[in-house]
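So the chains spell out like this:
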Amino acid sequence: MLGLSIREVSQALRDGRVSATELCRKCINQIQRTRYLNAFITITEETAMEQAQRTDSRLRTGKGKKGIPFSVKDNFCMENIETPCASGMLKGYVPPFNATVVQKLLDQGAVLVGKTNLVEFAMGAGSTDGVFGPVRNPWSYTSLYREQSTEDPDSDWAITGGSSGGSAAAVASLSSFLALGSDTGGSTRNPGSLCGVVALKPTYGLLSRHGLIPLVNSMDVPGIMTRSVHDAATVLRILQGRDERDSTTVQAPSTPPRLPEHFDIRDICVGIPKEYHAPGLSKDTLAQWSRVADMFEQAGARVQEVSLPHTQHSIVCYHVLCCCEVASNMARFDGLEYGHCSKVDSSTDAMYATTRHEVFNSVVRRRILSGNYFLLKSNYERYFVKAQQMRRLIAEDFKNVFRTGIDVLLTPTTLSDAARYSDFIQEDNRTRSAQEDVFTQPVNMAGLPAVTVPTALSHRGLPIGLQLIGQTLQDWKLLTVAQWMEQKKSAFIRSKVQQNSKIWKYFY
Amino acid sequence: MAASSSGYSRMFFKLRKYANKSQSLYHTDSFNVVIRTIWTSGSKTQLQPKVHTKSLPQMVGVVGLEIHAQIQSTSKLFSGSHVRFLAPPNSLVSHFDASLPGTLPVLNRRCVEAAVLTGLALNCTINRKSLFDRKHYFYADMPAGYQITQQRVPIAVNGMLVYSYFEGRRRNQVVTKSVKIKQIQLEQDSGKSLHDDERSQTLIDLNRAGVGLMELVMEPEMCCGEEAAAAVRELQLILQALGTCQANMAEGQLRVDANVSVHRPGEPLGVRTEVKNINSVRHLAKAIDYEIQRQMEVLQSAGKVLNETRAFDSKSGNTIPMRDKEGLQDYRFMPEPNLPPLFVYESEASVPAGVDPAQVVVIDRLSGQLPELPSVKRTRLVETYGILQEHSFTLVNEDGLIDYFENVVQTTKAEPRKVIGWVIKELMGNLNSQNLNVSQSPISPCALAELISLVESGHISSSTAKQVFQEMWKAPEKTVGQIVKEQDLWMINDKEELQKICKRIVDSHPEEVQIIRGGNKKVLNKLMGEVQRETKGRTDPVQIRAILEKMVS
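Computed from a predicted model, the values in this text were never measured in an experiment. (Residues numbered from 1 in each chain as written. Chains lettered and ligands numbered in written order. Predicted model: local features only at pLDDT ≥ 70, side-chain atom pairs only at ≥ 80, totals over all residues. Heavy atoms only, no water.)

Quick word on the overall build of chain B
- When helices and strands are tallied, chain B shows 15 helices and 17 strands.
- The 553 residues of chain B split such that 53% are buried.
- Carbon and sulfur atoms make up 50% of the accessible area of chain B, which amounts to about 26,300 Å² in all. (Helix = DSSP H or I, 4+ residues; strand = E, 2+ residues; numbered from the N terminus. Buried < 20%, exposed > 50% of the residue type's maximum accessible area, 1.4 Å probe, protein only. Areas by Shrake-Rupley, 256 points an atom, 1.4 Å probe, with all protein chains shown as cover.)

Next up, the structure:
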């Protein structure tokens, strides 16, 4: 039951094969069973069960909405639910309102089972350095992975990627049918790829950011994680559209009720950006990338190499812009209105300084320091303005490619499958972010939609995902192509999840 | 920048606020009570500082103004919280105002319209596209750690304000000047900090945080306090006429900072100081003149003027250095990423397809709403009623006085030039001496009109009328007729009675009669005065003179 897609489980609820309460209980039990993954910061068992019961009573009257259990990354605000955002700064902070995207899911009768783990303020690609500790990749506990490991499961496990690692793990470990992440430089797609789930980063502005604790306002987008492309499309349909509380949102283009089951791939032109043959790209991922490109070609799609010449500079510029907005957004955390407040009160400035020093981790502090440096009057032109100019060129690159008739771009999502935790932490957050976000952040710079779909398992038994990038507001077309790819490639991963429960021996 | 600097280094307080409780947050008993002051006319003393030197040209003051005008709107610039003066502390604070993470600014169209209206009234170019920026600094009453403002591209630029003041011995010569408005930018106001020295703690009230401000920057083209005061007074009248700002300085709706320097004409501008903490137009003039004088004296004694911020102390009339925020601030400006560019459209036709014209700001629509501006009003008054220019200033300066005046003019047959005397001398004299507004006048326009009509028709004399006016002021419930009757003030028009009275006076003043008959006609005035005294002014002087002349001839 837990391995079903949203579409399948919705049918089961409608048919009365399972009640919302039973389904919710199963998910909560699954979360409890997989506590060692550390995917959740808060489990909302009580409110979830209440909500599921209400849904059931409505279902009995025939007018009820579905009671699909879901989880939400802990950087989305939820009324009366503590939202520490993996930081000591917001420990104990209880927001007084719901994020728009969360509210929209609740309005549909979805049942929130918990808030998922991340890195502090979503800064980083590993889900390894939040105050609640690292998240473990569920795939480290399959027989495929364990059979190759000689070490203890507590010392040899793979990371989930990040920063939405908890959300990816929740969907992959069957604790939720869907999870919300956020995607600033790849934070939804990166863990989605490493955890073998479908992860969609919609067009910037298509989903409201109201209630999302910001990282980089000009790039943040709520992300959608599901176990099928069809499910991602269903959720996108619910969440998209203008929100008067977020002035950067746009009207959603009209979308049909569901993705087309059959469509002709021969009408599609797939671009392969040559700059994505980056150093450090693993053999497995490269092989998978070319295999899928061939698959498109063999099915009759036009596949052609394209160039995005400015992409190579993207990661550097991304870091400059990211740090600037971080420095600015973090200025509100002064300990006065909410959050941690230092006991030092010798002066206002001393109180500010110690409050911030006591709880921000070194990653956050470094980004604030860099950002403030870049924004100094004497540096502004040299860093911020230059990075903005480059950002425009990167966006232009994409536009130019799409102008030549390309419908989607096919790229790897990450350099390789998930790293072992002990290997990953050998490098600092800054280095890892630069490596991990290399294929994902250009899309955020340009505001485009992109989705990662699991396509294979690596020789280590860990998922490999490929990324499809679409044109602005062409999310639906992007998902249509993604679904085709999924049907051809990744169905086998899902079948493993669903049918061969032996590989999840630590789960059951 | 809206927050004022403070020298308090010790701050101790906890604002624990989970915003669902934010409607009734930290209350405090200490409260600022501001007494409304009414400023009526140009400063009486002309403080043109003059320092003479032998060979060089005289030094002159150079004054530029930075004005923060609080936008008159029901809600704040980027949130739905209400705007109200003197509401209980922290009772008007939304999640956004308290900078809760995840909240986003949503621009209030009413505030944009106010800025565009103001820009149009001040002859500005309205930028079709303007941008918002973040200006960063840590201050306890600015919860986000930055202020959203318009640093790069403000909503309006290159305007001009025309203002006038009076010169001459009787202060009745009108001098008209103009000052360039560099720009008008939209920005957020800060909250307020209340420092409690005794317990060394600071209380914060966020009611004002996020209220819309228009920052107007006037070029340094004025030379003294009087000019600056006249410019600000004119601006106040314009803003009030537009309804975009209540412009009361004492209530902080209009905050004026003056940039003051001195130099010799032809030489580069001197080092300037910024004078803050000015809460009336009168103080503005004083502060500027003091500062010009001070800087001149510093330079005369071979000293140096420091580039600093100074506060005006209204008690001593001096400016004193404010303890600066630590060192030089780098505001680390950055574009506000949560607000798209602000577009303003020329006409409904230029609104792009897919955009609801009712939801955007259209200049044509706003120009149509522009009310009669004070300068136009004054010209109209002078032309329509033939009154003196200086009187038109008084009429426009006082809220409601034009209506009052026009009301009286319409209800009486008296010449407007006669009415204006009553309105300016009697009515305003009484109002000012009792610190009342026109709307609080105990005498209605109708009653005054009735009184003036009685004078016109010869039923009472004008000197009696002034007496009646004071009686009416004291007893507004009585009609003019009642008062005149009760006090027996009707004019004596009966020829025989007048003859009798005059006869009595002539008989009792034989010496004077003698002198008049001797050729000194001036002494007749004394007899006339006696008649007036006897009749309590109830006679027509022309008639009395005729009768007396006949009797003594």
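Focus: the UniProt feature "active site" (unreviewed entry) in chain A
Residues and elements named next belong to chain A.
- When the UniProt feature table is mapped onto this chain numbering, "active site" (unreviewed entry) sits at Lys73, Ser163 and Ser187. The named residues occupy 115 residues along the chain; their greatest pairwise C-alpha distance, 10.8 Å, places them in one compact cluster.
- Considering the arrangement of structural elements, one finds lysine 73 in strand S2 (residues 69-73).
- The exposure class of lysine 73 is buried, given its relative accessible area of 0%.
- Ignoring sequence-local partners within four residues, the contact set of lysine 73 consists of Lys115, Thr116, Leu118, Ala122, Ser163, Ser164, Ser167, Leu180, Gly181, Ser182 and Ser187.
- Not counting the four nearest positions on each side in its chain, serine 163 is found in contact with Lys73, Asn117, Leu118, Val119, Ala122, Gly124, Ser127 and Ser187. (UniProt positions renumbered as here; feature names shortened; annotations may be inferred. Contact = heavy atoms within 4.5 Å.)

So, the packing of helix H14 (residues 524-534) of chain B against helix H15 (residues 541-552) of chain B
Residue and element names in this part refer to chain B.
- For the pair H14 and H15, the least separation of the axes is 10 Å and the interaxial angle reads 125°. In this view, H14 runs oblique relative to H15, as classed from their interaxial angle. H14 and H15 meet at a crossing whose hand is right-handed. Residues Leu524, Asn525, Leu527, Met528, Val531 and Gln532 of H14 form the contact with H15, whose participating residues are Pro541, Ile544, Arg545, Leu548, Glu549 and Val552.
- Class assignment for the residues of the contact of H14 with H15 results in eight nonpolar, two polar and two charged. (Axes fitted to C-alpha atoms, helices over the stretch in contact; angles between N-to-C directions. Parallel < 35°, antiparallel > 145°, perpendicular 65-115°, else oblique. Left-handed = near helix turned anticlockwise from the far one by under 90°. Nonpolar A, V, L, I, M, F, W, Y, C, P; charged D, E, K, R; others polar.)

Considerations on the pairing of strand S4 (residues 178-183) of chain A
Residues and elements named next belong to chain A.
- Here S4 lies mainly inside the structure; six of its six residues are buried.
- Neither face of S4 is exposed, since Leu178, Leu180 and Ser182 on one face and Ala179, Gly181 and Asp183 on the opposite face are all buried.
- Pairing of S2 with S4, which is carried by three bridges, proceeds in the parallel orientation. In the strand pairing of S4, phenylalanine 70 is matched with leucine 178. (Pairing = 2+ DSSP bridges.)

Focus: the UniProt feature "domain: Asn/Gln amidotransferase" (unreviewed entry) in chain B
- Within the UniProt annotation, "domain: Asn/Gln amidotransferase" (unreviewed entry) is assigned to residues 403-552 of chain B.
- Between the end C-alpha atoms of residues 403-552 of chain B the distance is 50 Å, and the span holds 69% helix and 0% strand.

Examining the interface of chain A and chain B
- Opposite the 51 residues of chain A that make contact, chain B presents 43 residues.
- For the pairing of chain A and chain B, the buried interface totals around 3,700 Å² over both sides, and the portion due to carbon and sulfur atoms is 54%.
- Per-residue buried area on chain A facing chain B is highest for A:Arg332, A:Leu336 and A:Glu337; these three make up 18% of the total on that side.
- There are zero salt bridges connecting chain A and chain B.
- Between the two partners, chain A and chain B, sit 14 residue pairs in polar contact (both at pLDDT 80 or more).
- In terms of residues, the side of chain A that touches chain B owes the most to one element, helix H11 (residues 348-359) of chain A, which gives five residues.
- Among the residues making up the side of chain A that touches chain B, the classes are represented as 22 nonpolar, 17 polar and 12 charged. (Buried area = accessible area lost by both parts, 1.4 Å probe. Salt bridge = Lys/Arg side-chain N within 4 Å of Asp/Glu carboxyl O. Polar contact = N/O pair within 3.5 Å; in protein donor to acceptor, adjacent residues only side chain to side chain.)

Here's the deal with the pairing of strand S5 (residues 198-201) of chain A
All names here are of chain A.
- Here S5 shows no split at all, with Val198 and Leu200 on one side and Ala199 and Lys201 on the other all buried.
- In the sheet, S5 pairs with strand S6 (residues 221-226) via three bridges, with the strands oriented antiparallel. Its bridge partner being in S6, valine 198 is matched across the sheet by threonine 226.
- Here S5 pairs with strand S10 (residues 450-457) via three bridges, running antiparallel. Its bridge partner being in S10, lysine 201 is matched across the sheet by alanine 450.

Details of helix H10 (residues 314-329) of chain A
- For H10(A), which comprises 16 residues, the first-to-last C-alpha distance of 22 Å matches the rise-based estimate of 22 Å (1.5 Å per residue) to within 8%.
- In terms of burial, H10(A) is a largely internal element, 15 of the 16 residues being buried. (Expected span 1.5 Å × (residues − 1).)

Observations concerning the packing of aromatic side chains
- Going through the model one piece at a time under the given rule, you end up with 23 aromatic pairs over all chains.
- Ring plane angle 70° and centroid distance 5.7 Å describe the contact between B:Tyr137 and B:Tyr331, whose orientation is recorded as edge-to-face. One end of the pair, B:Tyr137, is in the loop between strand S4 (133-136) and strand S5 (146-149); the other, B:Tyr331, is in the loop between strand S14 (318-321) and strand S15 (334-335), and 194 residues separate them in sequence.
- You can call B:Tyr331 partly exposed: its relative accessible area is 21%.
- A:Arg146 extends its terminal NZ or CZ atom over the ring of A:Tyr141, reaching a point 5.7 Å from the ring centre.
- Between B:Arg378 and the ring centre of B:Phe393, over which it is positioned, the NZ or CZ distance is 4.2 Å. (Phe/Tyr/Trp six-rings, centres within 6.5 Å; stacked < 30°, edge-to-face > 60°. Lys NZ or Arg CZ within 6 Å of the ring centre and 35° of its normal.)

What to know about the domain arrangement of chain A
All names here are of chain A.
- In terms of domains, chain A is made up of domain 1 (6-310 + 394-498) and domain 2 (311-393).
- Each partner contributes to the interface: domain 1 provides 37 residues, whereas domain 2 provides 31 residues.
- A buried area of about 3,000 Å², summed over both sides, lies between domain 1 and domain 2, and 61% of it is on carbon and sulfur atoms.
- On the domain 1 side of the interface with domain 2, the three residues burying the most area are Met89, Met123 and His310, jointly 25% of the side's total.
- Counting across the domain 1 and domain 2 interface gives zero salt bridges. (Domains from an automatic or database assignment.)

Looking at the side chain of A:Asp397
Residue and element names in this part refer to chain A.
- Its location among the elements puts aspartate 397 in helix H13 (residues 381-403).
- Nearest to the buried, unbridged aspartate 397 among oppositely charged side chains is arginine 403, at 9.6 Å.
- Each residue touching aspartate 397, except ones within four places of it in the same chain, is listed here: Leu308, Pro309, His310 and Thr311. (Lys, Arg positive; Asp, Glu negative; His and termini not counted.)

Describing the pattern of salt bridges
- Going through the model one piece at a time under the given rule, you end up with 42 salt bridges over all chains.
- Its salt-bridge partner being B:Arg134, residue B:Glu336 comes within 2.8 Å of it at the nearest N-O pair. With B:Glu336 in the loop between S15 and strand S16 (342-345) and B:Arg134 in strand S4, the pair connects residues that are 202 residues apart, well separated along the chain. Per residue, the accessibility class of B:Glu336 equals that of B:Arg134, and both read buried.
- Put simply, B:Glu549 and B:Arg545 hold a salt bridge, and the shortest N to O gap is 3.6 Å. Taken together, the residues B:Glu549 and B:Arg545, both in helix H15 and four residues apart, mark about one turn of the helix.
- Connected through salt bridges with shared partners, the residues A:Glu151, A:Asp156, A:Arg420 and A:Asp423 form a single ionic network.

Observations concerning the packing of helix H2 (residues 20-33) of chain A against helix H3 (residues 45-60) of chain A
Residues and elements named next belong to chain A.
- Axis separation between H2 and H3 bottoms out at 8 Å; the angle between their running directions is 160°. Here H3 runs roughly antiparallel to H2, going by the angle between their axes. Here H2 and H3 pass one another in a crossing that is right-handed. Along the contact surface, H2 presents Ala20, Thr21, Cys24, Arg25, Ile28 and Gln32, while H3 presents Glu45, Ala48, Met49, Ala52, Gln53, Thr55 and Asp56.
- Grouping the constituent residues of the contact of H2 with H3 by class yields six nonpolar, four polar and three charged.

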